[in-house]
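Summary of the model geometry
So you can see what is in the structure, the chains are spelled out below.
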There are 2 protein chains.
Amino acid sequence: METEARFSGVIAPVLTPFGEDGNPDAGRFIDHAQWLLQEGCTGLAPFGTTSEANSLGLEERMELLEELVDDGIDPAKLMPGTGTCSLADSIILTRHAVDLGCGGVLMLPPFYYKGPSEDGLFRFFAEVIEGVGDDKLKVYLYHIPPVAQVGFALPLIGRLIKEFPGTVVGLKDSSGDWSNTAAILAAHPQLEVFPGSEVFLLDGLKHGAAGCISATCNVSANAIRKVYDSWKAPDAEGLQAGITALRKALQAYPMIPALKALIAHYRGDPGWAQVRPPFVPLPAAEAEKAIRTLADTHGFTLDFAKAA
Amino acid sequence: METEARFSGVIAPVLTPFGEDGNPDAGRFIDHAQWLLQEGCTGLAPFGTTSEANSLGLEERMELLEELVDDGIDPAKLMPGTGTCSLADSIILTRHAVDLGCGGVLMLPPFYYKGPSEDGLFRFFAEVIEGVGDDKLKVYLYHIPPVAQVGFALPLIGRLIKEFPGTVVGLKDSSGDWSNTAAILAAHPQLEVFPGSEVFLLDGLKHGAAGCISATCNVSANAIRKVYDSWKAPDAEGLQAGITALRKALQAYPMIPALKALIAHYRGDPGWAQVRPPFVPLPAAEAEKAIRTLADTHGFTLDFAKAA
């Protein structure tokens, strides 16, 4: 049981839409989550970096998660972000996710204080895991040094797996450095490893990765899923080249505002483009350029015809 | 009224002691705050970086602040840290501080997402100030780029002062870069500017600074206060040299664990040394070395005879 993969495939860090009052918009959020599952996502990671999770309040995060479960999304498919700077709040969010039946949690390290020791980071995770005190807890470590600055070195990963077998079961590697992902896969074959970008999906799968958890799954889950489903097929390289090119085209824009602008456009719902400070919306001219360039060069479009 | 300084002098970012259960220890916290005022602190900034504020939970912060006020500390002397990554939680903490009558709040910028635009940071502060919606709110901007990575450039400071006169009234500069502090003092003479280290206290006062807010005020407020009180006296340079030397000696150790180890030693209360992850306590041998070196070289000691 303990070695069975809990998550695999294509997982979207779900964007968080806001209403005109600046508060999270539960209706748009649920619609987007359901659409992502229709598009081929095998799981959802609400409250990731792409979700503007760290701009949300503690209560906002818990309420939005409850909305997804109340709307009928299988909590086993949910891997909400629950890691914050604060030990106390990380325990509150993690226990809440476990109590809702979430299949896992994606945990940032405490990221305010820079240069923490391996012992300090180990103690943080140990205290969260012991504080939650529930065997149903499945922790996915969230390594994103370009943003969090604080990350997971190989020895720390090894200590956590060894001390908490069956609890620390996976890792998202958003280092953007394939050699780091490859080193983790080689060192810890039992770990469910997800590169943080679909650029590394095919290489990852060949080396034992479980799938990918990527910002752009919010708009291209369908194409990414095709690579996941047919990675042993003859045309896998060609499919991978397509999703790599689209990802690189998207990276020309500020990612979160651009993703929201694309959804706003194709849903015909301008309010979707709203972001929470410190982000600012993509300027209209930039948004038009993104929409046009992506359509012309990559045949990019979004189909909400099937959406609720 | 609007131009009258609200805070000045020697302000301690109050250390947060923990109990054996790992929770904040309100009794030790109140005792320490009262002792700091006896030692010469003119104000207290609970929930600064030194306070391990970002390792505390939302509820923990609010409860501890209420303890200080309930214990009779004049809230006009309190400048709690209320800035978090999250817009929603920053509003909750800031409103709570204003409702308690706090003289000001010390606000970090949202620090998770790196490289935010000036517009995005401006919008964050605008939304907090408008969200709290209370003329009694006095905001002190907390510039600490070595830790937060995100900071306040001069144009942003200027925009905030201009848009929110009488609300954005001060700044703590923990850049560690005197030329930055000098530039802010020159550009914004009306701002209450506090260098984040007493190393810059005398230079700061000569250029119009309001005082200092410094980690080491937790153990050397008395000596720092003497510089503040007699900065125009003939022996000011000599007094400044003394507090500079002590600060530099303290900086040889991890600051927060070292400060707690010193207090634990001189209070004869080993539990005081506890820190919350991601920090780890100073190893016993290091603590003994720090105590001995500081005593031998700087005549350093702490006197809790008058303490409650």
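For the structure, check the block above.
Cut-offs used in this document
- Each residue is numbered by its place in its chain's sequence as written, counting from 1.
- Labels are handed out in written order, letters beginning with A for the chains and numbers beginning with 1 for the ligands.
- For this predicted model, a pLDDT threshold of at least 70 governs which residues receive local features, and a threshold of 80 or more governs which side-chain atom pairs are given and counted, while totals over whole chains, interfaces and linings are taken from all residues.
- Just so you know, side-chain values use all the structure's heavy atoms and leave hydrogens and water out.
- It only takes one pair of heavy atoms within 4.5 Å for two residues to be counted as in contact.
- What gets called buried area is simply the loss in accessible area from a 1.4 Å probe that two parts show on being joined, summed for both.
- Basically, the charged four are Asp, Glu, Lys and Arg, the nonpolar ten are Ala, Val, Leu, Ile, Met, Phe, Trp, Tyr, Cys and Pro, and anything else, Gly included, counts as polar.
- A pair of strands counts as paired when DSSP detects no fewer than two bridges linking them.
- Think of it this way: any DSSP run of H or I at least four residues long counts as a helix, any run of E at least two long counts as a strand, and we number them from the N terminus.
- Whether a set of points on the 1 Å grid over the protein atoms alone is a cavity depends on a 1.4 Å probe fitting there but being unable to get out, while an open set qualifies as a pocket with protein on both sides within 12 Å along at least five of seven lines; lining residues are those with an atom within 4 Å of a point.
- Grid points are joined across faces, edges and corners, and a volume is the space filled by probe spheres set on the points.
- Burial classes follow relative accessibility: with a 1.4 Å probe on protein chains only, a residue under 20% of its type's maximum area counts as buried, one over 50% as exposed, and anything between as partly exposed.
- It is the directions from the helix axis to the C-beta atoms that the arc portrays.
- Only C-alpha atoms enter the line fits that serve as axes; for helices the fit covers just the stretch in contact. Angles between N-to-C directions range over 0 to 180 degrees.
- Superposing the copies works by least squares over the C-alpha atoms of residues that have pLDDT at least 70 in both of them.

**Comments concerning the interface of chain B and chain A**
Each partner contributes residues to the interface: chain B has 42 residues there, and chain A has 42 residues. The largest contributions to the chain B side of the interface with chain A come from Tyr 112, Tyr 113 and Pro 278 of chain B, which together make up 26% of the buried area. The residue makeup of the side of chain B that touches chain A, split by class, is 25 nonpolar, nine polar and eight charged.

**Structural notes on the sheet that holds strand E2 (residues 43–44) of chain A**
All names here are of chain A. The strand order E2-E1-E7 describes an open sheet built from three strands, whose pairing is parallel. Of all strands in the sheet, those bounded by a partner on one side alone are E2 and strand E7 (211–213). With three bridges joining them, strand E1 (residues 9–12) and E7 adopt parallel strand pairing. Considered in E7, the bridge of Gly 9 is made with Gly 211.

**Things to note about empty space enclosed by the protein**
Applying the stated rule across the entire model yields five cavities of 30 Å³ or more. There is about 260 Å³ of room inside the largest cavity. Surrounding the largest cavity, 23 residues form its lining, Thr 84 and Asp 89 of chain A together with Thr 84, Ser 86 and Asp 89 of chain B being those nearest its centre. The set of elements that each furnish at least two residues to the lining of the largest cavity consists of helix H2 (58–70) and helix H3 (87–99) of chain A together with helix H2 (58–70) and helix H3 (87–99) of chain B. Of the residues that constitute the lining of the largest cavity, the class distribution is twelve nonpolar, seven polar and four charged.

**Some remarks on helix H6 (residues 154–163) of chain B**
For H6 of chain B, the full list of buried residues reads Leu 156, Ile 157, Leu 160 and Ile 161 of chain B. Across the axial projection of H6 of chain B, the buried residues extend over an arc of 130°, all falling on one side.

**Describing the sheet that holds strand E4 (residues 139–143) of chain A**
Paired through backbone hydrogen bonds, the strands of a sheet run either parallel or antiparallel to each other. Residue and element names in this part refer to chain A. Strands sit in the order E3-E4-E5-E6 across an open sheet of four strands; the sheet is parallel. The open sheet has two free edges, formed respectively by strand E3 (105–107) and strand E6 (192–195), since each of these has just one partner strand. Averaged over all pairs of adjacent strands, the angle between their axes in this sheet comes to 25°, without regard to strand direction. Running at roughly 155° to E3, helix H4 (residues 118–132) makes contact with E3, E4 and strand E5 (168–173) of the sheet.

**Quick notes on the relation of the copies chain B and chain A**
Of the transformation placing chain B onto chain A, the axial shift is 0.0 Å and the rotation is 180°, giving an RMSD of 0.0 Å. Within this description, the copies of the chain are treated as partners about a two-fold rotation axis. A shared binding surface is used by both copies, with 100% of the interface residues of chain B retained as interface residues in chain A.

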